[in-house]
Every structure is written in structure tokens, then in C-alpha cells.
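# Descriptive analysis of the structure
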Amino acid sequence: MASSVKENLAWCWERRNRVDEIFYELWSNVRPGGRLHPAWFFEAKGHLAVELLLFAVIFYLLTRKSFKPRKEKPLTRQEQEELIAEWTPEPLAPSVYATANDKQNLRSRTKGQVRKQIRYARAPVVKGKASAPHVQIGSKRLLNLVSTNFLNLADSERVEEECVAALDKYGCGSCGPRGFYGTIDVHLELETRMAKFLGMEEAILYSYDISTPASAIPAFCKSGDLIVADAGVGYPLQSGMALSRSTVRYFKHNDLGDLRNLLDTIEEESKLGKGKDTQRRFMVVEGVYANYGDVAPLREIVKLKEKHGFRLILDDSFALGVLGETGRGSLEHHDLRPEQVDIMLASLGHSFGSVGGICAGSRRVCDHQRLSGAGYVFSASLPPYLASAAVKSLDIIEEEGKEMIAELEAKTDRLRRGLTRALSRSRTLRVHEGMGPVIHLQLVGEKATDVSAVESMQGLVDAAARDGVFLTVAKYTFLDRYEGPPSIRIAVNVAHDEADLDRAVTVIKKVASKAGLV
Amino acid sequence: MTKTLQKSASSPQLNANVEWVNGTAFWTFYVTIVLALWLCLSILVPIGLAWTYANLIHNAVSFYLLHWKKGTPVYYDQGKYDHLTFWEQIDGGSQFTSNKKFFTIIPIAIFIIATNSSDFREQPLLLNLVSLLAVLIAKMPQMHTVRIFGINK
């Protein structure tokens, strides 16, 4: 040991001497009287010329006007032509891919095959209302299991009449953002009514459901903050978390053990002094997962967030108006108090049959967003007639919600049980266990990771359409971090007959067995 | 007055990394630093030769800080200035602004003081001149975002 230290020191010393030698060699050239020292130049008073030149430089500098350099030289005609010839336009809308597997496979494919996929994922054209329980595609009338119009309020005549009345009264658009001539009495009415309905202190209305998390999350979570999120959250929440620049850590979808481990790790890390002292910590979950159709174990999550000092952001889009006895969503379903969730987000585009998003919480939570929620401040507010449609939907849910929700639950149960029974012997198709009116029919096993996984699912969808049942493959873009298996998403409408649902089960079983999946 | 007008015209958006250069006392601050450097050096070497060392140190340090290191330490710039040196960020890339003239005149002044404050038999004049040329060439408007031979690209 000692000898090696000595050796190292000797080596360093030698090295230092060598550096010194090199330095001295250089210095001996340029030092006064050295080889490169221009003594003759001074003797001829050459330094005066240098100094004069430098004074000239100073004079030149002082007489120049300042200017901004052009970023690039203008292209010549020929270069322009070349660039134009080289350019191939990309599609205006990003192409839609069905699952994570599919996008990974597509990344390695050639261009021509990607084009094939885009054609393949093209949506069918629906005549008339796309949200109705039955839709017209071409000459065929199909059972609609695609639209998330769970309570059939988007198709309700009462809501439509309200819309027409509001259009007569206010016109179509709202003419500006909420803080800038865009607030109309129906917006305020909807906010107070929603807050009362949810049992929260206040609610704030956004004009678009997908931009609601993208505004509300960055309003509270900032760079350096921590978000613990379920790995199964949908794209709106993902984009909200990405825009907030917080550190996002995911736990396995609906896996409480994994969540506990993650929270313990975080606790240990902060004991070790990693991370800021002033870090805000949030937990992001969905009430009913759009990508899976299952319910978050909210009671346990609330306990954990209280234990570890997190704030809870809950996206209740697929639970609002559907879960709980009177449709108040996950909180009612799990028998939780409203104040146990700090920030609640919900879309008005599903069971409320309108457009827009709601964020509900304490007065401080909502007030803060009126100046810091990007979508609230900078985006035109919700067209008044859509707000009054949502108010009317709320009226209907408050009046007749109990019966409608009970009916919807019975029908969903019927379809879910029917499908589970029909596919019980299948090794490749599985009904994802869950609750709520969204059912995901997943492709599992070896075939799920196959290149043609989505194509076989699309094959099922196409075959079902020929037999009169309109389904869809759950589609995800390249930006989505969805990691689950490819699936067919089935949404139940309260207006579907039980016979319709039974027929859907028969058709799905038939096309699946034809495709060799049962 | 003209200085402030020029500044507000040339830097429409703030770049926190270089904005302090436009502060009121910055020129005084800079000259004070150079004088302090010279004073410190003159403890070790003759007063006249101290200018030569001040020149070499000033040019080496200012070359590294102004023309070599790129980007900003400001997190929220999102890499907007990652390909620009400090010099290229000053005044939003405008040339011949009063700040840039000041930055250019300082090394010339130090060089002239250095050459005249000690005997030519004592100072490495060529080294002084080469170091001056290095910083002067790097400051030329023609060198804006140009990386000769791909150096420091």
C-alpha cells in the first residue's frame, strides 16, 4: 500500500516535471529575448505601428452603428428549388396507433407500412348523431357501444331544447376568455351547481375536458415538485403532469403494494436529504380508469396520502354521474368526504353529455386557478349553450339520477357478466375486471405482444360491425405512455335494451370464435 | 440616454444570463476588477510588468467566459441559448452595441498600457499581441455563431 502511494507520488512528480519542461520550452520561445521575440521589430519602432493600428480599431469601433446580424443568408433560387423538391409533407393530423406494442413495432417499420396502418385506423363515418344508442353507418343501423354517453343525456330531447333556448338567448360563442368578457350567467350557475352537487366549496369550469388537467395540474405542481401517479392514467393527466415539469414517479396500475413501496422509498430519500425541503407532493389517480375500466382503491389511497402528507388529484371523468347511488362519482362510491380529495377533475363530455371540464375543490384551490389555470385564463370560455346543457343534465341527474344509475349499473353488470361467461374458456380474450360502464375486452397471452395484435382486434371490430354491433379498438397516440394490452372498449348506454346487450354478447362471441380467439 | 435607448431596442426579451451586463454600474465594475487584478499582480511582480500579466490573465479568462462557454445556467431558458456563447447572447446578438464596444476596447487598452509600461526587453510582446488578437477576432461581427474549423462546436 505504502509503496504504491510512493510510486504514485513519484509518477506525479515526474509528470509535473515534464509539464514544466514543455511549459519552459514554450516560454523560452516567446520570452523577452527568446527565439520568437521580435527584437528587430521594436528597434525599428514597429510597436508604434501596432499601437496606431489599435487606435484605428478603437476609432472604427466607436464610429460603427449597432445592427442585428441576419440569422441566415438568403437561399439562392437553386437551393430553394432543391429544398422544395426534397420536401415531403407529413399528415396534418398525427396518425393514431392502437397500443404501445403497435407503436413500438411501427417505429421499426418502413414508411410504406406506416401509411398502411394509418388507412387501417381510419374511423367509419356515422350519419346523424354519433352518441345515440343506435347509429347509422352507411345503410346499416348498428348498436352503438362506442360512445361514452352513459346516461344518454347527449341524446336527450330535454337537453336539446335547453340548448336551443340558450342559443336563442346568448348566440353561439362566448366571445372571450372568462376573465375578458367571456363570463356569462350560465357559467356561474354551472360552477355553483356543480360545487353543490359534488359537496365541494367551489368549482371552476374549463372549456375543454382534455385541457382541464393540463391547466389545473401545472397551476399547482411546479418544477421540483413530486407527483406520484398510477401507471394507468390517461393521456390528459399525463400531459398535465408533463407540462407541470414536476418529477413524476409511477406506481403499477392499481397496485397498492407498489404504491406503499414507492412512498416508503420517497420517505427514505427525503430523510437522506435528497430533494427540496419545500417540495409539494401530489398523488394523481383516476376514479374509473378510462384505459382499463376499473376502479381505483380510493379509500386506501386516501389513507396513504394522509399518512405521507400528499395532496390528492383525482380525475373522476368516467365516474361522475355514473358511480355512487346519486351519481356523485368515486367519493360517494367509496363513502369518502369531499374534503378528502384536494383537487377533483371531471369531464362534462361523458355522462353529462356536454362539452367542457370541471375542477372542484376548496375555495383556495379554485380561486388560484382563476389567475393561474392556463386554459381558464387564455382560452375562450365554454359556449353558453353547452354550459346550459350541462346544467340541464345536472337537473336530470339530480331528479332521476338514482333510477337511471341503478338501471345503468344493472345493464352494465348484465353485459359484463354475459361477456365474461361467453369468453370464460378463451385464453386470449379477457374481460378486464372492474366496475362502471366502460368495459375493456383485452387481448392477453402471447398474441398480445404480436405485431398483428391490433389488426386482429380490428378484425373483430369489423366483423362485429357486419353483424350490427358498433365497437372500437382503444386507440393511443405515440405520445401516450399506455403500457397495457390492446383492447376493445365497450361503453354501455342506459338507453340500450337488455335484448340489445344480449345480442352484443352473442355477436362478440361469434366473431371471436370465428377468429379462433375463443 | 442613448445607451438605454439602444439597449431597449436591441434586447426585446430578457435573457437573465446576460441582462446584468446592461446594469448601470457594470462598466465601473469591470474596470475595477481589471485594476484590482493589476494591483494584486503588482505585489508579486514589478508594476509595469504586472500589466502584461494582467493582460494575459484577462484575455485568457475573458476568452473562456465570453467566447468558449455556451448556454445559460438558467433552467427556464429550456436550452434556448445552448448553442450561443455569452458574447453572442449579449444584447440579443446585436453587433457594435455600446456594451460590445466597451468589451472590445478594454483588452486593447490593457494591451497598450502593457506595452508602454515596461521595457520591451522585459515583456513577451508577441504573446501579449497573440492573446489580444485571439479575443479581438472572436469579437468580430463576422464571427457571430461561426466556429472556425468546428472548434468548440
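What counts as what
- Starting afresh in each chain, residues are numbered from 1 along the sequence in its written order.
- Following the order in which they are written, the chains are lettered starting with A and the ligands numbered starting with 1.
- Per-residue local features of the predicted model are confined to residues with pLDDT of at least 70, and side-chain atom pairs are confined, for both listing and counting, to 80 or more; whole-chain, interface and lining totals are unaffected and use all residues.
- In this description a helix means any DSSP run of H or I spanning at least four residues, a strand means any run of E spanning at least two, and both kinds are numbered starting from the N terminus.
- Three exposure classes are used. Buried residues have 20 or more other C-beta atoms within 10 Å of their own C-beta, exposed residues have 12 or fewer, and partly exposed residues fall in between, all C-beta atoms being placed from the backbone.
- Once C-beta atoms are placed from the backbone, any two residues with those atoms within 7 Å are in contact.
- The quantity called pLDDT is the predictor's confidence in a given residue, expressed from 0 to 100.
- A pair of strands is treated as paired once DSSP finds two or more bridges between them.
- Here a nonpolar core is just a set of buried residues of the types Ala, Val, Leu, Ile, Met, Phe, Trp, Tyr and Cys, joined wherever their C-beta atoms sit within 7 Å.
- Here the bounds of each domain stem from an automatic or database domain assignment.
- UniProt positions are given in the numbering used here, feature names are shortened, and annotations may be inferred rather than shown by experiment.
- For every element, the axis is a line fit to its C-alpha atoms; helices are fit only across the contacting stretch, and the angle between N-to-C directions ranges from 0 to 180 degrees.
- Here is the rule for angles: anything less than 35 degrees is roughly parallel, anything more than 145 is roughly antiparallel, 65 through 115 is roughly perpendicular, and the remaining ranges are oblique.
- Left-handed describes a crossing whose near helix is turned anticlockwise from the far helix by less than a right angle; the clockwise case is right-handed.
- Charged residues are taken to be Asp, Glu, Lys and Arg, nonpolar residues to be Ala, Val, Leu, Ile, Met, Phe, Trp, Tyr, Cys and Pro, and polar residues to be all remaining types, Gly included.
- Looking down the strands as they point away from the viewer, one classifies a crossover as right-handed if the path from the first strand across the helix to the second runs clockwise.
- One less than the number of residues in a helix, times 1.5 Å, gives the span that helix is expected to have.
- By arc we mean the arc of the directions from the helix axis to the C-beta atoms, nothing more.

## Digging into the overall build of chain B
A tally of helices and strands in chain B yields seven helices and zero strands. Secondary structure elements in chain B, listed N-terminal to C-terminal, are α-α-α-α-α-α-α. The 153 residues of chain B split such that 27% are buried. When contacts within chain B are restricted to residue pairs at least 6 apart in sequence, long-range pairs at least 24 apart make up 65% of them.

## Concerning the confidence of the model for chain B
Residues and elements named next belong to chain B. Residues with a pLDDT of 70 or more make up 91% of chain B, whose mean pLDDT is 85. Taken element by element, the predicted model of chain B shows its lowest mean pLDDT in helix H1 (residues 2-10) (46) and its highest in helix H3 (residues 26-44) (95). When the criterion is pLDDT under 50, residues 1-11 qualifies, and its contacts beyond four places in sequence or with other chains add up to 14 contacts. This complex was scored by the predictor with a pTM of 0.67 and an ipTM of 0.81.

## Details of the sheet that holds strand E1 (residues 134-137) of chain A
All names here are of chain A. Pairing is mixed across the open sheet formed by three strands, whose spatial order is E1-E2-E12. Because the sheet does not close on itself, it has two edges, and the strands there are E1 and strand E12 (469-470). Note that E1 and strand E2 (residues 140-144) share four bridges and pair antiparallel. Residue Ile137 lies in a different strand from E2, and its bridge partner there is Lys140.

## Thoughts on the nonpolar core
Generally speaking, a soluble globular protein has its nonpolar side chains buried in company with each other. Residues and elements named next belong to chain A. Ala203, Val284, Met344, Cys359 and Val469 are the most contacted members of the largest nonpolar core, which totals 123 residues. Counting residues per element, this core draws most heavily on helix H17 (residues 384-422), at 14 residues. Two domains each put at least three residues into this core: domain 2 (100-154 + 401-514) and domain 3 (174-382). The contact partners of Ala203, leaving out residues within four places of it in the chain, are Glu191, Met194, Ala195, Leu198, Ile358, Cys359, Ala360 and Cys366.

## What about the sheet that holds strand E11 (residues 438-443) of chain A?
All names here are of chain A. On the basis of which strands lie adjacent, the open sheet formed by four strands has the order E10-E11-E14-E13 and antiparallel pairing. Both edges of this open sheet fall to strand E10 (429-431) and strand E13 (472-473), since each of them pairs with a single strand only. Two strands pair when backbone bridges link them, and E13 and strand E14 (residues 487-491) are joined in this way by two bridges, in the antiparallel orientation. Residue pairing for E14: Thr472 is matched across the bridge by Arg489.

## A closer look at the UniProt feature "transmembrane region" (unreviewed entry) in chain B
Per the UniProt annotation, the sites labelled "transmembrane region" (unreviewed entry) are residues 27-54 of chain B. Summarising residues 27-54 of chain B: 93% helix, 0% strand, and an end-to-end C-alpha distance of 18 Å.

## Quick look at the packing of helix H18 (residues 453-466) of chain A against helix H19 (residues 498-514) of chain A
To describe two helices that pack against each other, one gives the angle between their axes and the distance between the axes. Residue and element names in this part refer to chain A. Here H18 crosses H19 at 130°, and the two axes come no closer than 9 Å. With respect to H19, the axis of H18 lies oblique. Crossing handedness for the pair H18 and H19: right-handed. Across from Leu460, Ala463 and Ala464 in H18, the residues of H19 making contact are Val507, Ile508, Val511, Ala512 and Lys514. Per-class residue counts for the contact of H18 with H19 are seven nonpolar, no polar and one charged.

## A short note on the interface of chain B and chain A
The partner chain A presents 22 residues to the 24 residues of chain B that form the contact. Broken down by secondary-structure element, the contributors of at least two residues to the side of chain B that touches chain A are H1, helix H6 (98-117) and helix H7 (125-139) of chain B. Take the side of chain B that touches chain A: its biggest share by element is seven residues, from H6(B). The residue inventory of the side of chain B that touches chain A, partitioned by class, reads 11 nonpolar, 10 polar and three charged.

## Description of the pairing of strand E6 (residues 281-286) of chain A
Residue and element names in this part refer to chain A. With six of its six residues buried, E6 lies for the most part within the structure. Pairing analysis gives four bridges linking strand E4 (residues 226-230) to E6, with the strands arranged parallel. By the bridge assignment, Ala229 is partnered in E6 with Val284. With five bridges joining them, E6 and strand E7 (residues 311-315) adopt parallel strand pairing. Directly across from Glu286, in E7, lies its bridge partner Asp315. Handedness of the crossover joining E6 and E7 through helix H13 (residues 298-308): right-handed.

## What about helix H9 (residues 185-198) of chain A?
Residues and elements named next belong to chain A. For H9, which comprises 14 residues, the first-to-last C-alpha distance of 20 Å matches the rise-based estimate of 20 Å (1.5 Å per residue) to within 8%. Every buried residue of H9 is listed here: Val186, His187, Leu190, Glu191, Met194, Ala195, Phe197 and Leu198. The buried side chains of H9 occupy one side of the element, clustering within an arc of 165° when seen end-on. Facing away from the buried side of H9, by more than 90 degrees, are the exposed residues Asp185 and Thr192. Buried-residue contacts for H9 involve helix H7 (157-170), helix H8 (178-182), strand E3 (202-206), strand E8 (343-347), strand E9 (357-361) and H17. Within two residues after H9, Gly199 carries a phi angle of roughly 80°, on the positive side.

## Some remarks on unusual backbone geometry
Residue and element names in this part refer to chain A. A positive phi angle is found at Asn152, which is not glycine, with a value near 60°. When you line up the elements, Asn152 lands in the loop between E2 and H7. Under the C-beta neighbour-count criterion, Asn152 is labelled buried, with 21 such atoms within 10 Å. Unusually for a residue other than glycine, Arg245 sits at a positive phi of about 60°. Relative to the helices and strands, Arg245 is located in the loop between helix H11 (235-244) and strand E5 (247-251).

## Notes on the environment of A:Ala390
Residues and elements named next belong to chain A. Note that Ala390 resides in helix H17. Each C-alpha atom of the pair Ala390 and Gly356 lies 8.9 Å from the other, and the pair is 34 residues apart in sequence. Look past the residues within four positions of Ala390 in its chain and what remains in contact with it is Leu190, Leu348, Phe352, Ser354 and Gly356.

## Some details on the confidence of the model for chain A
Do not read the fine detail of predicted coordinates wherever pLDDT is low. Per-residue confidence for chain A gives a mean pLDDT of 87; residues scoring 70 or more make up 91%. The model gives residues 108-120 of chain A a pLDDT under 50, and that stretch makes seven contacts with residues more than four places away or in other chains.

## Regarding the pairing of E4(A)
Within a regular strand, the side chains alternate between the two sheet faces. Residues and elements named next belong to chain A. Most of E4 sits out of view: five of its five residues are buried. Going residue by residue along E4, you find Leu226, Val228 and Asp230 tucked away on one face and Ile227 and Ala229 tucked away on the opposite face as well. Note: E4 against E5, five bridges, orientation parallel. Looking at the pairing, Leu226 lines up with Thr247 of E5. As for the winding sense of the linkage, the β-α-β connection from E4 through H11 to E5 is right-handed.

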